[in-house]
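# Chains, contacts and geometry: an overview
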Amino acid sequence: MTDTQSSQSTPLADELDPERILTEQFHRARTHLSEVPPGLVDYLRLPRRTINVSVPVEMDDGHIRHFEGYRVLHSRMFGPGKGGIRYHPAVSPGEVKVLAALMSWKCALLHLPFGGAKGGVACDPKELSEGELRRITRRFISELGDNIGPYTDVPAPDVYTDAQTMAWIYDTYDQLHPGENNLPVVTGKPRELGGSAGRTEATSRGCVYTAERLIALGGVPGLDSLQGARVVIQGFGNVGRIAARLFQEMGAHIRAVSDSGGAILAENGDALDLDRVEAHKGDHGSVVGVPGSRTITNDDLLALECDILVPAALGGQIHSGNAERVAARLVVEGANRPITPEADDVLAARGIVVLPDILANAGGVTVSYYEWVQNIEHHSWSLEEVNNRLRTRMFDATDRVVARWRGFPQDCAEQGLCGDLRTAALVEALDRLAKATLQRGIWP
């Protein structure tokens, strides 16, 4: 199949259901946790608190519109809840519960003093003005009340939210809690309001650091360096755009990128001119049509021959309907849940290595932790210090996951056990959570 041919690939029925995906991934990990009491393992999967709120907002034309908002606190085993707030039409209680659980395991894996949380409002930011988004944010935060706080639950940016959204969150909370140091209530803020150097690029930088370390550890057959590596990136938003730049700085060649408007491939096998791509997207709202590129479909982008594929869009992008076509050596999950368990099996059988989301995209929450610490201490760190700390922590987590992975039985498949990096990362996180729970004891 050529680069420009497309397929009508579709996943199996219910394969993309986020709760089903979480349950399956959890089940695969728990088979390696035989020393942990079964009831305790199940406890680690369940959320501690789920909140649904009504968000009535006066729109620009004067009419009142109602939105649904959600916040799930999954765990406070290691500290306050931590997790993003997303604005998207598909936000649902089930999705938010899954993402909160992933955040718990991500924080445990990275040894961060947080539990997992997640939130969101079901809305379409592309159809809303800045004033409407501001009013949605302020009402949502006021409805959550003291269910968020610097030592209770600390939000951050996520899909279609950014530093400006976090500034509104901070200001709203600060208005409701005068006389206190409220800067740590939210991370990902503008630098002028206590945001950390390096936070905007942190998720992308974490993807690059974990890929760099995995390759250095010999974890990707046929790939010994990022220098000269051919990279394809699905999603040219904040994570994908910055990841493209960082991979390029490491000597990689960005072969293709995509956004919600379509995908483009560099002509004649050359690398894309990222300056030209960003300028075109700024002028036209999409990467499609960049001079020196040709338009392809999303399915074709995922099937391009490359060394590294970075799905940095939404969940469920690689599934049973298209996993056979993936032609990368390494898939780095910049997004949350971009690969279904069925696709994981296909990729593993074909020798394609996957850097899982709870490791690969943990750079964001790691630098959020650094911002939280700086806010508490009324101090700020340099960009160099933040990046050095991030690199050390991402390397350490990658080392532990690879060690766990290589410690799995050689005949995992024959024993009915999954032995991929995702399972290794989950086992590493769940084992730490289980030990901490047993040490603390179940109250009362």
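Throughout this description, residue numbers start from 1 for each chain and increase along the sequence as written. Confidence filtering applies because this is a predicted model: local features only for residues at pLDDT of at least 70, side-chain atom pairs given and counted only at 80 or more, and all residues used for totals across whole chains, interfaces and linings. Note that water and hydrogens are dropped before the side-chain values are worked out from all heavy atoms of the structure.

### Topic: the nonpolar core
Definition of nonpolar core: a set of buried residues of the types Ala, Val, Leu, Ile, Met, Phe, Trp, Tyr and Cys, connected through side-chain atoms within 4.5 Å. Only protein chains enter the calculation, and the probe is 1.4 Å; a residue is then buried if its accessible area is under 20% of its type maximum, exposed if over 50%, and partly exposed in between. Counting residues in hydrophobic clusters, the biggest one holds 88 residues, and the most contacted among them are Trp105, Phe247, Val257, Ile308, Leu330 and Val332. Per element, the largest residue contribution to this core is 10 residues, and it comes from helix H14 (residues 421-440). Formed by 24 residues, the second largest nonpolar core is a distinct cluster that contains Val55, Met59, Leu133 and Ile148. Counting from the N terminus, the helices are DSSP H or I runs at least four residues long and the strands are E runs at least two residues long.

### Concerning the state of the cysteines
Criterion for a disulfide: a pair of cysteine sulfur atoms within 2.5 Å. Tallied over the entire structure, the rule returns 0 disulfides. No disulfide involves Cys107; its nearest neighbouring cysteine sulfur is the one of Cys207, lying 16 Å away. Residue class for Cys107 comes out buried when judged on its relative accessible area of 0%.

### Digging into the sheet that holds strand S9 (residues 293-296)
Here a strand pair is declared whenever DSSP counts at least two bridges between the two strands. As summarised here, the arrangement of the 7 strands in space is S9-S8-S7-S6-S10-S11-S12, forming an open sheet in which the pairing is mixed. Lying at the two open borders of the sheet, with one neighbouring strand each, are S9 and strand S12 (353-355). Across the sheet, the axes of successive neighbouring strands diverge by a mean angle of 20 degrees, strand direction being ignored. Orientation is described by lines fitted to C-alpha atoms, with helices fitted over the stretch in contact, and by angles between N-to-C directions that extend from 0 to 180 degrees.

### Remarks on the packing of aromatic side chains
Two aromatic rings, drawn from Phe, Tyr or Trp (for Trp, its six-membered ring), form a pair once their centres lie within 6.5 Å of each other, and the interplanar angle then sorts them: stacked below 30 degrees, edge-to-face above 60, tilted otherwise. Considering all chains together, one arrives at 8 aromatic pairs under this definition. Plain terms: the ring middles of Phe114 and Tyr369 are 5.9 Å apart, the flat faces sit at 85 degrees to each other, and that makes the pair edge-to-face. In this pair, Phe114 sits in the loop between helix H3 (93-109) and strand S4 (115-121) while Tyr369 sits in helix H12 (residues 363-377), placing the two residues 255 residues apart along the sequence. On the basis of relative accessibility, which here comes to 0%, the residue Phe114 falls in the buried class. Assessed through its relative accessible area of 17%, Tyr369 is described here as buried. Grouped by ring-pair contacts, the aromatic residues Phe114, Tyr151, Tyr369, Tyr370, Trp372 and Trp381 constitute a single cluster. Over the aromatic face of Phe26 sits the side chain of Arg45, whose NZ or CZ is 6.0 Å from the ring centroid. A ring has a charge above it when a Lys NZ or an Arg CZ is no more than 6 Å from the ring centre and no more than 35 degrees off the ring normal. Its end group placed over the ring of Trp381, Arg389 keeps NZ or CZ at 4.0 Å from the ring centre.

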